[in-house]
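# Structure at a glance
Okay, here's what each chain looks like letter by letter:
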Amino acid sequence: MEVTSPSPSRRVERKERLRGEILAAASKMFANRGYEAVTLREIAKEIGYTHAVIYQHFPDKWHILAELSRETIALMVQNFDAIAAKHLSPKERLFATSRRLIQFCVAHPQQFRNVFFGPENRDGVRAGQYLNDIGAPLFGRFVQLFFDVAKDEGLPNTNDMVVAHTWWFTIFGLATLMVIQGVVPELPDQTLVVEQTIATLWAGVQVVPRLPKSAITKRSGRSSASKPQSANSFCLLRTR
């Protein structure tokens with residue numbers, strides 16, 4: 001009886017399927033037990049293979065987490081772009097994408113935990129810098145959108161980058177609390193909290209914040225911040 005080997009396409013398909021099983025198992029285990037507590041042997045056991053099979057796809061556990069992080073950020077970018085495309089005015093896009101960012105985090109708590117609650121040191125890079133780097137495409141989109149809103153709505157001439165950061169941090173801070181806590185005490189309808197947060201932020205950006213001079217090292221108006229200058233603000237919600 002002649003034994004035939006699988007076709008190249010079948011081998012590729014099998015390899016991709018196994019890679020997906022590794023990532024899915026690792027994602028669940030990292031989120032439930034913490035990255036440091038999970039071993040490659042345990043991941044392999046979860047999917048019914050020896051740990052040697054893992055090395056055919058990933059050189060170490062860190063690369064599994066890195067791939068999970070990239071996939072999550074890519075989904076968030078895709079989601080952001082899809083929502084933004086449905087709304088004409090910058091203000092509507094700002095509100096809609098803010099809502100959707102929170103909804104995404106709450107709907108994908110496992111992925112959210114893996115990205116933002118992983119190890120402090122990631123392959124020799126501090127978590128904050130790593131998150132800034134992979135999150136730059138998403139944060140850059142958000143900052144550009146906020147600048148478009150400031151111009152279109154004629155918001156007070158202030159430091160738009162600082163205000164954009166404040167909006168971003170508030171949205172992700174709320175998302176983090178909802179992921180950790182799961183519910184808002186005595187308020188089953190969480191959408192009310194989300195809508196009130198966005199409404200409060202919007203009311204705030206329509207007036208000129210009066211920060212104490214001691215808190216301002218360098219004042220810059222909109223003219224000097226007409227474009228997003230840095231996407232290095234993705235990691236403030238990083239916590240243990």
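This text follows the structure it describes.
Residues numbered from 1 in each chain as written. Predicted model: local features only at pLDDT ≥ 70, side-chain atom pairs only at ≥ 80, totals over all residues. Heavy atoms only, no water.

On to the nonpolar core, then. Among the nonpolar cores identified, the biggest contains 65 residues, and Phe30, Ile43, Ile64, Leu94, Phe146 and Trp167 are the most heavily contacted of them. If you tally residues by element for this core, the top one is helix H7 (residues 127-153), at twelve residues. Apart from residues no more than four positions distant in its own chain, Ile64 is found in contact with Ile22, Leu23, Ala26, Phe30, Leu40, Ile43, Ile54 and Phe58. (Core = buried A, V, L, I, M, F, W, Y, C linked by side-chain atoms within 4.5 Å. Buried < 20%, exposed > 50% of the residue type's maximum accessible area, 1.4 Å probe, protein only. Helix = DSSP H or I, 4+ residues; strand = E, 2+ residues; numbered from the N terminus. Contact = heavy atoms within 4.5 Å.)

Here we come to the environment of Trp202. Relative to the elements of secondary structure, Trp202 occurs in helix H9 (residues 190-205). Looking at Trp202, the relative accessible area reads 8%, which means it is buried. Distance in space between the C-alpha atoms of Trp202 and Leu94 is 9.9 Å, their sequence separation being 108 residues. Here Trp202 is in contact with Lys91, Leu94, Phe95, Val149, Glu153, Leu155 and Trp167, once residues within four sequence places are set aside.

Moving on to a positive patch on the surface. A cluster of basic residues, Arg10, Arg11, Arg14 and Arg17, forms a positive patch at the surface. By relative accessible area, Arg17 is classed as partly exposed at 44%. (Patch = residues over 30% accessible without salt bridge, like charges linked within 9 Å, V, L, I, M, F, W, Y side chains within 5 Å. Areas by Shrake-Rupley, 256 points an atom, 1.4 Å probe, with all protein chains shown as cover. Salt bridge = Lys/Arg side-chain N within 4 Å of Asp/Glu carboxyl O. Lys, Arg positive; Asp, Glu negative; His and termini not counted. Charge placed at Lys NZ, Arg CZ, Asp CG, Glu CD.)

We now examine the packing of aromatic side chains. Tallied over the full model, the rule gives eleven aromatic pairs. Both rings, one in Phe139 and one in Trp168, keep their centres 5.0 Å apart while their planes meet at 80 degrees; by these two values the pair is edge-to-face. In this pair, Phe139 sits in helix H7 while Trp168 sits in helix H8 (residues 160-181), placing the two residues 29 residues apart along the sequence. Looking at Phe139, the relative accessible area reads 0%, which means it is buried. Classification of Trp168 as buried rests on a relative accessible area of 1%. Geometry around Tyr35 places Lys61 over its ring, the cationic atom sitting 4.3 Å from the centre. (Phe/Tyr/Trp six-rings, centres within 6.5 Å; stacked < 30°, edge-to-face > 60°. Lys NZ or Arg CZ within 6 Å of the ring centre and 35° of its normal.)

Where helix H5 (residues 90-107) contacts H8, the axes come no closer than 8 Å and their chain directions differ by 30 degrees. Here H8 runs roughly parallel to H5, going by the angle between their axes. The interaxial crossing formed by H5 with H8 has right-handed handedness. Of the residues in H8, those touching H5 at Leu94, Phe95, Ser98, Leu101, Ile102, Cys105 and Val106 are Trp167, Trp168, Ile171, Phe172, Leu174, Ala175, Met178 and Val179. (Axes fitted to C-alpha atoms, helices over the stretch in contact; angles between N-to-C directions. Parallel < 35°, antiparallel > 145°, perpendicular 65-115°, else oblique. Left-handed = near helix turned anticlockwise from the far one by under 90°.)

For the rest of this paragraph, the subject is the pattern of salt bridges. Going through the model one piece at a time under the given rule, you end up with six salt bridges. Note that Glu42 and Arg33 form a salt bridge whose closest N and O atoms lie 3.3 Å from each other. Here Arg126 and Glu120 are joined by a salt bridge, their closest N and O atoms 3.7 Å apart. Residue Arg126 is classed as exposed on the basis of its relative accessible area, which comes to 53%. One salt-bridge network, held together by shared partners, links Arg19, Glu67 and Arg70.

Here the focus is the environment of Thr50. By secondary structure assignment, the location of Thr50 is in the loop between helix H2 (40-47) and helix H3 (51-54). Given the relative accessible area of 52%, Thr50 is considered exposed. It is 9.2 Å that separates the C-alpha atoms of Thr50 and Leu40, two residues lying ten residues apart in sequence.

Another point: helix H4 (residues 61-84). Side chains three or four residues apart in an α-helix point the same way, a direct result of the helix having 3.6 residues per turn. Relative to the 34 Å expected for 24 residues at 1.5 Å per residue, H4 spans 35 Å between its end C-alpha atoms, a close match to the ideal helical length. Its side-chain oxygen at 3.3 Å from the backbone nitrogen of Trp62, Asp60 defines the N-terminal cap of H4. (Expected span 1.5 Å × (residues − 1). Polar contact = N/O pair within 3.5 Å; in protein donor to acceptor, adjacent residues only side chain to side chain.)

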